[in-house]
Amino acid sequence: MDQEEDFIIRNKVNERGGHFNPTKYFVEEVVTGVDESDLYRTWIKVVATRNTRERSSRLENMCWRIWHLTRKKKQLESEENQRLAKRRREREQGLRDVTEDMSEDLSEGEKGDITGEMVQCETPRQRLQRNFSILEVWSDDKKEKKLYIVLISLHGLVRGENMELGRDSDTGGQVKYVVELARALAKMPGVYRVDLFTRQICSPEVDWSYGEPTEMLTAGAEDADGSDVGESSGAYIVRIPFGPRDKYLRKELLWPYIQEFVDGALAHILNMSKVLGEQIGGGRPVWPYVIHGHYADAGDTAALLSGALNVPMVLTGHSLGRNKLEQLLKQGRQSKEDINSTYKIMRRIEGEELSLDAAELLITSTKQEIEEQWGLYDGFDVKLEKVLRARAKRGVDCHGRFMPRMAVIPPGMDFSNVVIQEDAAEIEGEISAHTAGSEVLSPTVPAIWSEVMRFLTNPHKPIILALSRPDPKKNITTLVKAFGECRPLRELANLTLIMGNRDNIDEMSSGNASVLTTVLKLIDKYDLYGLVAYPKHHKQSDVPDIYRLAAKTKGVFINPALVEPFGLTLIEAAAHGLPMVATKNGGPVDIQRALNNGLLVDPHDQQGIADALLKLVSEKNLWHECRKNALKNIHLYSWPEHCRTYLTRVAACRMRHPQWQTDTPGDELFAEEISFNDSLKDVQDMSLRLSVDGEKTSLNESLDHASAASGETEIEDQVKRVLSKIKKPESDLKDTEGGKHDIVASKYPILRRRRRLIVIALDCYDSNGFPEKKMTEIVLDILKAGRLDPQTARVTGFAISTAMPVSETLNFLKSAKIQVTEFDSLICSSGSEVYYPGAYTEEDGKLFPDPDYASHIDYRWGYEGLKKTIWKLMNTPNDDEKSHSSSSPIEEDVQSSNAHCITCLIKDPKKVKKVDEIRQKLRMRGLRCHPMYCRNSTKMQTVPLLASRAQALRYLFVRWRLNVANMFVILGETGDTDYEELISGTHKTLIMKGVVSKGSDKLLRATDLSDDMFPTESPFITSISDGAKAEDIANALKQISQAGQ
């Protein structure tokens, strides 16, 4: 880089006859190519340059770079401060709106409670006592429950044995955590099976084991009498294929394929629920007790699965997008756009917000994570959460508002391999034998000890141990300075730095290389040779031995990080009896409160760090007290304790699972019914072929003739039994719960007989929001295309998925002269209602919406509160807008609304807010829903959180077992703002080009995230050109039907 700079500078000088214009050079060359990581290397070159002119040029260039970086950083900081100030104002306004709305139904005395609830303070002990006083702690008497738990962790390489931790940034602590959590949960009383879902990877880049569909982690526990609890019990890794089958993708590239994973996981859960039902459920499906997502991608997935199955969702964020975005912006190296391009940070944040919408419970490692990280999100507010919880406890209406509960549950640890040895003489002998020059170490002395002790002049001294990556945030350089400048500490102790693995510093990343280089320079500066150990390599299995060595020398573990979200190494060190010195910023505060085994320090206070270390090393009584406390309290961080607290918290959630108001026939009976119907059709066809003189003989006569010819005298009785089984359901009528409507409940939707479903979801509307005339011809062509192949026609059904209410949908079909019974299902009002023509009808023939779907999507739906808030938000101009007119941009559309859909007419599309802004403001007020613009931006509809056209298809899968993978969704090139949800998944998508000229997609987001929402290329997606006819559509459907097989 520096040679190139010199060449450029010399050329500029020659071009100007020896005169160099630094201002022009700065504008043309420097501003466009700043890289802060190059500054250090440039400075080294400057110092080494002897030529005065060349040295001056380098210095001038470096000054320009520093000036530009400072300017850019200040600019980014200013923009970020403005954004934070705006967000703070919006949140304050949201709290005022909530207080105003919820005060209306309270007495004067109760109104004061809202403000009081917001500022009420409790000590940690009081909070713990209050929380557990209302919870039933999970215990051994829960054995009879036999729960099915689903965990999800999508990215990285996940397997049970020989985990490749550290192979890449995606395969780290989270992988180890979820695998150990699955194992530990499966051993808890009352837990029958745990499935850990992850991605199936069949790539030559990785080991073959990551392509195995299933891997057992642990067998199920045994009953009290020693008998095995069941063949499907235990913990398993279940790998679901999604995305490119032959590529290992980093987590940032998995986002477009999330919907594929959801459909694949849903299919597995439905199959497993049936299997478990046969084993332990008495023939009834056993649904997941909870679906637990880990990280943003799995949280997004868990939210969709939870919504499709109507079961509780739990989320563990591990690390959060908003927090990372703020940290990167503060560094001033990248703009928000550059950060998003690299990390897909906006898609990640949206996934986290969607997870907050659906989650019942959020599990964090520390209290700091709740207040300083989740507090950055629109969907969570500490004050509002307390208010809503207090109102719910008193039985006061929250007007549809909801905030997920937060629970601090530190990660568990497996202490089975931890060996605590108290014999000090033994360690002295081992070290003495090694330092005496013995070439052959005792078999009991680990090899890593030799690697550490070779650095030390006197290895008998207590070891101050630091174990972390050489990352600037870990603050290792301050530790070395503190050690180097404190003579009493140097005389009493040694310092051991385990800074990852390295071969060549020059091959490390610039940040890590810079830290390591600085550490080596400090060792040289303070002449710490013989006092500091810094081995180049260690294995994961060596880490316990390193802790044991430090403990045997009566040493101390230190974590001086600037901020430590949790501090797992502190727990590991405590398990080996090591006292700690740790940063006071973050998780170590909670750890010290629980274990009381060390001292907390300000990571910026170099002298304070040295004093704390010296105190623990020199005061043996204090050292022994901290060690004793650590060993006594470490059980609080064991896996059994973690799982007990986890299950206690989950049990306190609002338990939900699929419940149908109408009975569903068993799959076996249904299969039998299909077989009987097919047999009857074949027999009837045969009887027609055998009829004489154009007259149809009776069925019995035809069969008698066949029976006489073949000698089988019992065929007639068999056919009569067939007919009785077919006719019985047709005449059996039931009333729904409540008895308000007479529905032909036993005449189930014909969807149950279908093997594939063609879904017409074309959002083809004119400027007034009415279906365009060409829609009639297109629908007729699609119906014809589905019936061209006689082999598939019998098992193919049709559905319409539209933003129109059912009344307008029926009018459209009537105008097109299409019988509504041509369709097995109508998904109307943007997925807020589902109808089954010919099945769910009232006595007068009027279609009746599926009552089970209505109760399914009712979760967190507050019609009146939402309606009032949306009207207020849409009529409030933004800070940067000036209201020139008092007229409202929207108008209520009562005719298009229903109990689960709030519809508004758009009078002025230029004044309305985008969907992402509306959703943000609703989340800040605790309202969870699915707003969208539809019908060529002429209407806005707000439906429940669990309702959408895409989720309605998954409901049909769960309710009627019509696999989503056998659905064909026909779309245009654009559509309503929920269009992107319909593209991706395991269903087959056919895009008809030139059909939909204008959609509502421009009103979706301020930032285009379409590339991160659905794949640009997929075997499940195809398209046909404008003007395609029935034969073209049929050929496209036939071609894409082979995808995924």
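Just so we're clear, the structure is a prediction, and the values are computed from it rather than from any experiment.

*Asks:* Would you take a moment to explain the overall build of the protein for this structure?
*Replies:* Helix and strand counts for the protein come out as 38 helices and 27 strands. Scored against the burial criterion, the 1045 residues of the protein give a buried share of 54%. Partitioning the contacts of the protein with sequence separation of at least 6, the portion at a separation of at least 24 is 72%.

*Asks:* Quick question: what am I supposed to make of the packing of aromatic side chains here?
*Replies:* The description of an aromatic ring pair uses the distance of the two centres, along with the angle that the planes make with each other. Under the defined criterion, the tally for this structure stands at 11 aromatic pairs. Considering the side-chain rings of Tyr836 and Trp960, the 5.8 Å spacing of their centres and the 90° angle between planes classify their relative orientation as edge-to-face. Separated by 124 residues along the polypeptide, Tyr836 in the loop between strand S20 (833-835) and helix H32 (851-856) and Trp960 in helix H35 (residues 949-960) bring together distant segments of the chain. Feature note: the residues Phe197, Phe242 and Phe261 constitute an aromatic cluster, connected by ring pairs. Here the guanidinium or amino end of Arg756 rests over the ring plane of Phe968, the centre of that ring lying 5.2 Å away. One residue, Arg860, lies across the ring of Phe402, its end atom 3.4 Å from the ring centre.

*Asks:* Can you walk me through the nonpolar core in this structure?
*Replies:* Considering soluble globular proteins, one finds that nonpolar side chains tend to be buried as a cluster. By size, the foremost hydrophobic cluster in this structure holds 103 residues, and its most contacted members are Ile152, Phe197, Leu309, Trp374, Tyr836 and Leu956. A per-element tally of this core places helix H8 (residues 258-280) first, with 10 residues. Setting aside residues up to four positions removed in sequence, Leu309 forms contacts with Leu266, Ile269, Leu270, Trp287, Pro288, Ile291, His657, Pro658, His856 and Val958.

*Asks:* Would you mind showing me how to read the sheet that holds strand S24 (residues 939-944) here?
*Replies:* Strands belonging to one sheet form pairs held by backbone hydrogen bonds; the direction of such a pair is parallel or antiparallel. The antiparallel open sheet is built from 4 strands, whose spatial order is S21-S22-S24-S23. Every interior strand has two partners, whereas the edge strands, strand S21 (890-892) and strand S23 (929-934), have only one. Strand-to-strand, the axes of this sheet are offset by a mean angle of 25°, without reference to chain direction. Running over the sheet, helix H34 (residues 915-924) touches S23 and S24 and is turned about 155° from S23.

*Asks:* I would appreciate a short explanation of the environment of Thr986 in the present structure.
*Replies:* By the secondary structure assignment, Thr986 is in the loop between helix H36 (979-983) and strand S26 (988-992). For Thr986, a relative accessible area of 14% gives the class buried. Along the chain, Thr986 and Gly264 lie 722 residues apart, while their C-alpha atoms are 7.2 Å from each other. In this structure, Thr986 is in contact with Glu260, Asp263, Gly264, Val964, Ala965 and Phe1020, ignoring residues within four places of it in sequence.

*Asks:* Could you clarify how one ought to interpret helix H23 (residues 606-618) in this entry?
*Replies:* Every α-helical turn comprises 3.6 residues, leaving residues that sit three or four positions apart pointing alike. Helix length check: H23 (13 residues) gives 18 Å between terminal C-alpha atoms against 18 Å at 1.5 Å per residue, within 8%. Within the sequence span of H23, burial applies to Gly608, Ile609, Ala610, Ala612, Leu613, Leu614, Leu616 and Val617. Put simply, Asp605 is the residue that caps the front of H23, since its side-chain oxygen is 3.3 Å from the backbone nitrogen of Gln607.

*Asks:* Whenever I open this one, the environment of Pro771 confuses me. Can you help?
*Replies:* Residue position: Pro771 is located in the loop between strand S17 (756-760) and helix H29 (774-785). The exposure class of Pro771 is partly exposed, given its relative accessible area of 24%. Discounting residues that sit within four places of it in the chain, Pro771 has contacts with Cys764, Tyr765, Met804 and Phe812.

*Asks:* Got a minute to help me understand the packing of H29 against helix H38 (residues 1030-1040) in this structure?
*Replies:* The packing of two helices is summarised by the inter-axis angle and the distance between the axes. Packing of H29 against H38 brings their axes to within 8 Å, and their N-to-C directions diverge by 55°. When the axis of H29 is compared with that of H38, the two are oblique. At the point where H29 passes H38, the crossing takes the right-handed sense. Only Ala1030, Glu1031, Ile1033 and Ala1034 of H38 make contact with H29, whose side of the interface consists of Asp781, Ile782, Lys784 and Ala785. Looking at the contact of H29 with H38 residue by residue, the classes come out as 5 nonpolar, no polar and 3 charged.

*Asks:* Help me understand the side chain of Asp590, please; the structure alone is not making it clear to me.
*Replies:* Tracing the chain through its elements places Asp590 in helix H22 (residues 588-595). Residue contacts for Asp590: discarding those within four places in its chain leaves Thr366, Lys367 and Tyr637.

*Asks:* Explanation requested: the sheet that holds strand S12 (residues 556-559) in the structure shown.
*Replies:* One open sheet accounts for 6 strands, arranged S11-S10-S9-S12-S13-S14; its pairing is parallel. Each edge of the open sheet carries a strand with a single partner, namely strand S11 (532-533) and strand S14 (598-601). Here strand S13 (residues 580-583) pairs with S14 via 4 bridges, running parallel. Paired with Ala582 across the bridge in S14 is Leu600. Each of strand S9 (463-467), strand S10 (494-498), S11 and S12 is contacted by helix H17 (residues 476-484), which is oriented at about 170° to S10, the strand it contacts most.

*Asks:* Just checking my understanding: could you explain the side chain of His294 for this structure?
*Replies:* Structurally, His294 is set in strand S5 (residues 290-294). In this structure His294 comes out as buried when scored by relative accessible area, which is 0%. Reaching out from His294, the side chain makes a polar contact with the side chain of His318 at a distance of 3.0 Å. Ignoring sequence-local partners within four residues, the contact set of His294 consists of Leu151, Ile152, Ser153, Gln174, Tyr177, Val178, Leu181, Thr316 and His318.

*Asks:* Honestly, the packing of helix H9 (residues 295-309) against helix H12 (residues 345-358) in this entry has me stumped. Any pointers?
*Replies:* Running from N to C, H9 and H12 point in directions that differ by 45°, and their axes come no closer than 8 Å. Put simply, H9 runs oblique to H12. For the element pair H9 and H12, the recorded crossing hand is left-handed. Residues Tyr295, Ala296, Gly299, Asp300 and Ala303 of H9 touch H12, and the partners they reach there are Arg347, Arg348, Gly351, Glu352, Leu354, Ser355 and Ala358. For the contact of H9 with H12, the per-class residue count stands at 5 nonpolar, 3 polar and 4 charged.

*Asks:* How should the pattern of salt bridges be read in this particular structure?
*Replies:* Any two side chains of opposite charge can pair, given that their charged atoms come close. Counted under the stated rule, the structure contains 48 salt bridges. Between Arg322 and Glu353 there is a salt bridge; the shortest N-O distance is 3.2 Å. Taken as a pair, Arg322 in helix H10 (residues 321-331) and Glu353 in helix H12 lie far apart in primary sequence, 31 residues in all. Across the pair, Glu353 and Arg322 agree in class, each one buried. Between Glu385 and Arg389 there is a salt bridge whose closest N-O contact spans 2.8 Å. Placement of both Glu385 and Arg389 in helix H14 (residues 382-394) is noted, with a separation of 4 residues, approximately one turn of the helix. In the salt-bridge network here, residues are joined through shared partners; they are Arg87, Arg322, Glu353 and Asp378.

*Asks:* Can you help me understand H35 in this one?
*Replies:* Helix length check: H35 (12 residues) gives 16 Å between terminal C-alpha atoms against 16 Å at 1.5 Å per residue, within 8%. Within H35, 12 of the 12 residues are buried, which leaves it mostly tucked inside the rest of the structure. Taken as a whole, H35 has its buried residues at Arg949, Ala950, Gln951, Ala952, Leu953, Arg954, Tyr955, Leu956, Phe957, Val958, Arg959 and Trp960.

*Asks:* Please explain the environment of Ala550 as it appears in this structure.
*Replies:* Relative to the assigned elements, Ala550 resides in helix H20 (residues 543-552). Among the residues examined, Ala550 registers a relative accessible area of 1% and is labelled buried. C-alpha of Ala550 to C-alpha of Ile464: the two residues are 86 residues apart in sequence and 7.1 Å apart in space. When residues no more than four places from it in sequence are discounted, the contact partners of Ala550 are Ile463, Leu465, Gly555 and Leu578.

Calculation rules
Residues numbered from 1 in each chain as written. Predicted model: local features only at pLDDT ≥ 70, side-chain atom pairs only at ≥ 80, totals over all residues. Heavy atoms only, no water. Helix = DSSP H or I, 4+ residues; strand = E, 2+ residues; numbered from the N terminus. Buried < 20%, exposed > 50% of the residue type's maximum accessible area, 1.4 Å probe, protein only. Contact = heavy atoms within 4.5 Å. Phe/Tyr/Trp six-rings, centres within 6.5 Å; stacked < 30°, edge-to-face > 60°. Lys NZ or Arg CZ within 6 Å of the ring centre and 35° of its normal. Core = buried A, V, L, I, M, F, W, Y, C linked by side-chain atoms within 4.5 Å. Pairing = 2+ DSSP bridges. Axes fitted to C-alpha atoms, helices over the stretch in contact; angles between N-to-C directions. Expected span 1.5 Å × (residues − 1). Polar contact = N/O pair within 3.5 Å; in protein donor to acceptor, adjacent residues only side chain to side chain. Parallel < 35°, antiparallel > 145°, perpendicular 65-115°, else oblique. Left-handed = near helix turned anticlockwise from the far one by under 90°. Nonpolar A, V, L, I, M, F, W, Y, C, P; charged D, E, K, R; others polar. Salt bridge = Lys/Arg side-chain N within 4 Å of Asp/Glu carboxyl O.

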